[in-house]
Amino acid sequence: EDDSLPRTMAATDQTAAAQQLYGSKYTHNVMFLCNHNSCRSQMADAWLRTIAAQREMEVGVASAGIVGGTAVKEGAITVMGEVGVDI
């Protein structure tokens, strides 16, 4: 099986990190896809990871954007931090 990431996540460091977080070693994998991967997809990714960890579920999780070159929005980091979820 090919565990490579979609071409939209081309940065080498993102690819290496994400390959450990999802792939063929998991029975189920979830990809959150958004335009910029800067807010909603990042928040959804973090929520699923948090819930899966709390319930001791093994699920691969990743997020990606179809438009590159954007960073996670500070507002998303702030809001998730308020509920104790790190993105």
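Residues numbered from 1 in each chain as written. Predicted model: local features only at pLDDT ≥ 70, side-chain atom pairs only at ≥ 80, totals over all residues. Heavy atoms only, no water.

**Quick notes on the confidence of the model for the chain**
Averaged over all residues, the pLDDT of the chain equals 82, while 78% of them reach at least 70. Scored below 50 in pLDDT, residues 1-11 shows 22 contacts in the model against residues more than four places distant or in partner chains. (pLDDT = per-residue confidence, 0-100. Contact = heavy atoms within 4.5 Å.)

**Some points on helix α2 (residues 40-54)**
An ideal rise of 1.5 Å per residue puts 21 Å on 15 residues; α2 measures up with 21 Å between its terminal C-alpha atoms. Taken as a whole, α2 has its buried residues at Ser41, Gln42, Asp45, Ala46, Leu48 and Ala52. One face of α2 carries all of its buried residues, which in axial projection span an arc of 165°. For α2, the exposed residues lying more than 90 degrees away from the buried face are Arg40 and Gln54. (Helix = DSSP H or I, 4+ residues; strand = E, 2+ residues; numbered from the N terminus. Expected span 1.5 Å × (residues − 1). Buried < 20%, exposed > 50% of the residue type's maximum accessible area, 1.4 Å probe, protein only. Arc of directions from axis to C-beta.)

**Points about the pairing of strand β1 (residues 29-34)**
In the sheet, β1 pairs with strand β2 (residues 60-65) via 6 bridges, with the strands oriented parallel. Bridged to Val30 within β2 is Val61. Between the parallel pair β1 and β2, the chain is carried across by α2, and the sense of this crossover is right-handed. (Pairing = 2+ DSSP bridges. Right-handed = clockwise from strand over helix to strand, strands pointing away.)

**Here we look at the side chain of Ser38**
Inspection of the secondary structure puts Ser38 in the loop between β1 and α2. In this view, Ser38 contacts Thr70, Ala71, Val72, Lys73 and Ala76; residues no more than four positions away in its chain are not counted.

**Section: the state of the cysteines**
Overall, the coordinates contain 0 disulfides when judged by the stated rule. No disulfide involves Cys34; its sulfur sits 7.8 Å from that of Cys39, the nearest cysteine. (Disulfide = S-S within 2.5 Å.)

**Overview of a nonpolar patch on the surface**
A grouping of Met31, Leu33, Ile66 and Val67 is seen on the molecular surface, where their side chains present a nonpolar patch of about 350 Å² in accessible area. In this fold, Val67 is placed in the loop between β2 and α3 (74-82). When its relative accessible area of 38% is taken as the criterion, Val67 is described as partly exposed. (Patch = residues over 30% accessible without salt bridge, like charges linked within 9 Å, V, L, I, M, F, W, Y side chains within 5 Å. Areas by Shrake-Rupley, 256 points an atom, 1.4 Å probe, with all protein chains shown as cover. Salt bridge = Lys/Arg side-chain N within 4 Å of Asp/Glu carboxyl O.)

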